[in-house]
Structure formats: structure tokens, C-alpha cells
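Chains, contacts and geometry: an overview
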Amino acid sequence: MQDQLFINGRFVDAESGETLATLNPHDNSVIAEVAMAGKADVDKAVKAAQAAFPKWSRMAAMERGHLLLKLSDAIDANRQELAELESIDTGHPLRDTLGLDAPRTAVTFRYFGGMADKLEGTVIPVEEGFLNYMLREPVGVVGQVVPWNFPLMFTSWKMGPALAAGNCVVLKPAELTPLTTLRIAELMAEVGFPEGVVNIVPGLGSVAGQYLAEHSDVGKIAFTGSTATGKRIVQASSENLKKVQLELGGKGANIVFNDANLDAAVNGSAFAIFHNQGQACIAGSRLLLHEAIADEFLDRFLKLAASIRLGNPLDLQTEMGPLTSRMHRDRVLSYCDVARAEGGRVLLGGKAPDNAELAEGCYVLPTVVKASPLDRVSQEEVFGPFVSITTFRSDEEALAIANGTQYGLGGGLWTRDLQRAHKFARDMKSGMVWINCYKRVNPGSPFGGVGLSGYGREMGFEAMREYTQVKSVWVNIDADMRPYYSR
Ligand code: TAP
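Residues numbered from 1 in each chain as written. Predicted model: local features only at pLDDT ≥ 70, side-chain atom pairs only at ≥ 80, totals over all residues. Heavy atoms only, no water.

This next bit is on the overall build of the protein chain. Per the secondary structure count, the protein chain includes 15 helices and 20 strands. Counting only C-alpha atoms and orienting by the principal axes, one finds that the protein chain spans roughly 85 × 55 × 40 Å. Evaluated residue by residue, the protein chain yields a buried proportion of 55% over its 487 residues. By sequence separation, contacts in the protein chain at least 24 residues apart represent 74% of the contacts at least 6 residues apart. In the form shown here, the protein chain has an accessible surface area of approximately 20200 Å², with 51% of it arising from carbon and sulfur atoms. (Helix = DSSP H or I, 4+ residues; strand = E, 2+ residues; numbered from the N terminus. Buried < 20%, exposed > 50% of the residue type's maximum accessible area, 1.4 Å probe, protein only. Contact = heavy atoms within 4.5 Å. Areas by Shrake-Rupley, 256 points an atom, 1.4 Å probe, with all protein chains shown as cover.)

Bringing the state of the cysteines into the picture now. Applying the stated criterion across every chain yields a total of zero disulfides. Distance from the sulfur of Cys281, which forms no disulfide, to the nearest cysteine sulfur (Cys437) is 16 Å. (Disulfide = S-S within 2.5 Å.)

All right, on to the site of the ligand then. Taken together, 27 residues lie near the ligand, and Val146, Trp148, Glu175, Gln210 and Ser226 sit nearest. At a separation of 2.6 Å, an oxygen atom of the ligand approaches a polar side-chain atom of Trp148. A distance of 3.1 Å separates a nitrogen atom of the ligand from a polar backbone atom of Gly225. With the chains in place, 87% of the 870 Å² that the ligand exposes on its own is no longer accessible. (Near = heavy atom within 4 Å. Polar contact = N/O pair within 3.5 Å; in protein donor to acceptor, adjacent residues only side chain to side chain.)

Further remarks concern the domain arrangement of the protein chain. Taken domain by domain, the protein chain consists of domain 1 (5-248 + 453-473) and domain 2 (253-435). In this structure, domain 1 and domain 2 have C-alpha centres spaced 30 Å apart. Each partner contributes residues to the interface: domain 1 has 26 residues there, and domain 2 has 32 residues. Interface area, domain 1 with domain 2, both sides summed: about 2400 Å², of which 58% is carbon and sulfur. At the boundary of domain 1 with domain 2, the tally comes to zero salt bridges. Counting every contact that joins domain 1 to domain 2 gives 11 residue pairs in polar contact (both at pLDDT 80 or more). Per-element tally for the side of domain 1 that touches domain 2: the top contributor is helix α4 (residues 94-115), with five residues. Among the residues making up the side of domain 1 that touches domain 2, the classes are represented as 10 nonpolar, 10 polar and six charged. (Domains from an automatic or database assignment. Buried area = accessible area lost by both parts, 1.4 Å probe. Salt bridge = Lys/Arg side-chain N within 4 Å of Asp/Glu carboxyl O. Nonpolar A, V, L, I, M, F, W, Y, C, P; charged D, E, K, R; others polar.)

What follows covers helix α3 (residues 79-90). The terminal C-alpha atoms of α3, which comprises 12 residues, lie 16 Å apart, in line with the 16 Å expected from a rise of 1.5 Å per residue. All buried positions along α3 are accounted for by Leu82, Ala83, Leu85, Glu86, Ser87, Ile88, Asp89 and Thr90. Gly91 occupies a position one or two residues after α3 and carries a positive phi of about 95°. (Expected span 1.5 Å × (residues − 1).)

Here we come to the pattern of salt bridges. On inspection of all chains with the given rule, the structure shows 25 salt bridges. We note a salt bridge from Asp76 to Arg110, for which the minimum N-O separation is 2.8 Å. With Asp76 in helix α2 (residues 61-77) and Arg110 in helix α4, this residue pair connects regions lying 34 residues apart in the sequence. Classification of Arg110 as partly exposed rests on a relative accessible area of 30%.

What follows is about the packing of α2 against α4. Put simply, α2 and α4 touch, their axes get as near as 7 Å, and they point 165° apart. Between α2 and α4, the angle falls in the class roughly antiparallel. Here α2 and α4 pass one another in a crossing that is left-handed. Along the contact surface, α2 presents Gly65, Leu68, Leu69, Leu71, Ser72, Asp73, Ile75 and Asp76, while α4 presents Ala102, Thr105, Ala106, Phe109, Arg110, Phe112, Gly113 and Gly114. When grouped by side-chain class, the residues that make up the contact of α2 with α4 number eight nonpolar, five polar and three charged. (Axes fitted to C-alpha atoms, helices over the stretch in contact; angles between N-to-C directions. Parallel < 35°, antiparallel > 145°, perpendicular 65-115°, else oblique. Left-handed = near helix turned anticlockwise from the far one by under 90°.)

To continue, consider the packing of aromatic side chains. The tally for this structure, following the rule as stated, stands at 14 aromatic pairs. Taking 5.2 Å as the distance between ring centres and 75° as the angle between the ring planes, the aromatic pair formed by Phe257 and Phe424 counts as edge-to-face. Taken together, the positions of Phe257 in the loop between β12 (253-256) and α9 (262-274) and Phe424 in helix α14 (residues 418-427) put the pair 167 residues apart, joining distant regions of the chain. Its relative accessible area of 0% is what places Phe257 among the buried residues. Relative accessible area serves as the criterion here: at 4%, Phe424 is assigned to the buried category. Between the aromatic rings of Tyr335 and Phe386, the centroid separation amounts to 6.4 Å while the plane-to-plane angle is 70°, which identifies the pairing as edge-to-face. Here the residue Tyr335 occupies a position in helix α11 (residues 326-341), and Phe386 occupies one in strand β16 (residues 386-392), the gap between them amounting to 51 residues. According to the relative accessible area criterion, Tyr335 is buried, its value standing at 6%. Residue Phe386 is classed as buried on the basis of its relative accessible area, which comes to 2%. In textbook terms, an aromatic cluster arises when at least three aromatic residues are bridged by ring pairs, as seen for Phe150, Phe154, Trp157 and Phe447. The ring of Tyr467 has Lys220 lying over it, and the distance from NZ or CZ to the ring centre is 3.6 Å. (Phe/Tyr/Trp six-rings, centres within 6.5 Å; stacked < 30°, edge-to-face > 60°. Lys NZ or Arg CZ within 6 Å of the ring centre and 35° of its normal.)

Structure (C-alpha cells):
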């Protein structure tokens, strides 16, 4: 297991020699002591990336893409190991890391590997005598700061488009979950990525992350995490006016209408909130039920939620693992008191499981709370297996509630009415809308939000655009150009 920083193609200790323990949230045992990057290490990483940039950015795009394809194959070949490492570091059930996280990481790198040589410029029809064309150029050194909820997948979401477009990368994983990112760096070295193209600097957000966002030799900072930290990143980026891309929190509205297929809606809504212990920015954390089906839906939903199997993430029977840390578990549980104080009712869960085998871990039972749309639990991102439920009577009321937060990342609806479905897709203030499904993600489909959910898009051609800047080139092809000054 790699536990050092990855700078200029080598694993090295931090300049300060400091390390930080990374824990297994199943029992809070120490998995590894990981080197902790400080400012001097970030400087070294940025310098290495700068040095690698001229060659990497001018390499044939197809060759860059080929390296990403080789990396995807290496991820597939090491799927079991990566999945287990991700499960012990994050608490995700192995059935998910094996079936979703690891294969999706390979697929996303593969998608961007194929995309590397598809990024075309354009010729613009300007006035006679001139040729004007537009180039898409890489930005240079890109800083990337990622959170702890999907660290393995985020390597591909962040590094895939950045590298395909010809940038060099300095990535800071979350202090809680650095292990699979370091393993990916090792695989990159093995498949032949040149030194300095990718650098990984685990460390504290307030130190290494903040400094990366401030750094004047970094041309862009891409961030996934909380809205509060996103705002800090924007301020830090002002030093050299670097490009900023923000994928922040969410409070997804998941609306079930009275004509919905209830079997599908109950199942899909449980997946929307309980998958990955609810630690997903796109979680369907607000469930809006039409009052005509609310009782029947709730009856079935509560039964399903209560039956979800909690346990050691490495057990393939486990459907829900622990949250990422004790601090986060306590924060999630504290929202039950917040709900009660505002008149909400905890219908299910709201506590750690009684099971003695899980007592040392960061577990929280699936939690369902009845609350009003303006209550804090319906407005703030809880980021756990915690769903707030409210009812509505009309389409207008449902839309007003759905749009009634400052977030706007993802939202969904369950209905058989085609016209209503498309009307809501149009009117929901949200970067993504799912109709009769929830939380669908694909490397080709743009991912990102509006409002306090951030700006910029990951995935697809949109992501390639985010990691490039445009240059307009004018060529005088008419030898007899008249001078502006006639003297
Ligand atoms: P954040 O503080 O946003 O952490 C995300 C990343 O930003 C981590 O790598 C963190 O580093 C780093 N970071 C922290 N302060 C920074 C700074 N000043 N400059 C640059 N980088 C900085 O999230 P959190 O504290 O772990 O979680 C708090 C809440 O954020 C959660 O409860 C949830 O509501 C939300 N959250 C949202 C997402 C998504 S996907 N939108 C993901 C995680 C959390 P360290 O962790 O190493 O300190």
C-alpha cells in the first residue's frame, strides 16, 4: 500500500516528515500513516507539473489517449484490489466498489482516452482576405481538490479530461481517503505516464488544498466538496485569477406523483438516498410525495429502508456500510435533534445500530424524517442516510418545493404523464433531472449544478471544454492588405 506523496513520478516523504493516520470507518483502526503534504511539497509538485507540461501538451493527442486507455486496462486488471482498498478506506460496501466504483473508474478513463484526439478547433467565416481559426489549448498546470465520498471514481472524473486535453495535474485527495488515489498514481507510473504529468499531494485541506488554490503557477483549480469550502476556493483563486470549476453540495428533490409506478418509485427512491450511505452530492435527500399516495408509499418505503443490511463493507452481503468518520456520523445524527426542534418527526432510524459488532464503527441506521419544506433538514445538506419527507397536493406546489432551496444539482420525478415529466425537466432549477430513475451517471453526460451547487461541468465534451482555453488566430491571406494609416 502506498503511503507517500507522488511527485515527479516518484513516491516521496513530505518535506516536514509529517504523516496523518487514515482510518477504517468500520472499526476506526489505523490502516496507514500517510505522508502529509505542506506548502513546500505543493511547490515541488507544481514545479514538476510545469516542467512536464511542454512535452505532454505537445505529444500527439492520440498518444495521450493511448496512455489513458492503458490505465483503464490496468484498473480493470486490479479491480479486486482497488475495490477492497476503497472499501476499507471509505466504508463503501464491497458489492458497490466492485460492481460500480472500480469499473466506472476504468470506463471514465477509457471514455476520456478516446476523447483525447476528438477535441477539434473551428474555422470561423470572417471577412474576405482573412483566415480565422480557433484553437483549444490546455490550461497548463491544473490543481484538483477532491472529497472523501467517491475518491476512486473522482480520480477519473477529474484527471481523465484534464490529462486528455493536455494539462498536467496536482491533485489533493481528502485527508480521510487518500489510498486508492495513490494506487492509481502507481498504476499510471507503471503504464508509462511521463514524470511530473500527475502529482498527488495528500494533506490537510486548510494547508495543501488552500495553497494549491492560491498558487500563482496553477492555471485552474477544480474542486468537488462542500459549498462553504467552494467559496473559500473562489477567494483563494483570485491571486492569479485562475479558472475555477466547482462541483458542490446538493439537496436533491425526488418527487413521486400519484400516477407513479410505486414499485419502481419506492426502490429508486431508496437507492437515491441510501446508496453510499447517502454520502453523495446528488442524493435524493428530499422526498416529495403526492398526498394521495403518501401513506402507501411511506409504508412500503419504511419497510424497505428498515430491511437494508448494514455491516462490514468487506462482506459481500452488506448493502450499507459505515459513514466516513466519527465526526461525520455525529454531525449526521445531530440533524435528528435539529429536526425535532423544528417540529419534525423521526419515522425511522435516527441512531447507530444496536449490533455490538458495529459498535466501534461510524454506522447510522437508514433515517427517515417527516419535516416541512423550510425546516433546516429540508434545506441543509446532511450528507448521510437521512431523508426528509414532505407531501404536496398539486404540480405547482411540488415545483415550488423542489425549487425552494439554494442548491440546484440533481432532482428526479416519478410519473407516467409525459407532458408533466418534460414540463418539470424544463422548470426544475437543477443541473440534472432524472425521470422515472435517479442518480444515473455516464461519462458522456454532463454533470454539474446551478446556484450554490457550483458551476462548470464534469464528463462529456463539456468537461474537455472546461480544461481548455480558446485561442483565436487571425491570418492575413490577402497580400495587398491596405494600410490603416495612409502616410
Ligand atoms: P470539504 O471541506 O468541502 O472537503 C472537500 C475537500 O476540500 C477535501 O479534500 C478537503 O481537505 C478540502 N479542503 C478543505 N478546506 C479547504 C480549503 N480551505 N482549501 C482547499 N481545499 C480545502 O468537505 P468536508 O468538510 O469533508 O465535508 C463537509 C460537508 O461537505 C459534508 O457533510 C457534505 O455536506 C459536504 N460534502 C460534499 C461533497 C460533494 S460531492 N459535493 C463531498 C464531500 C462533502 P481535507 O478533507 O483533507 O481537509
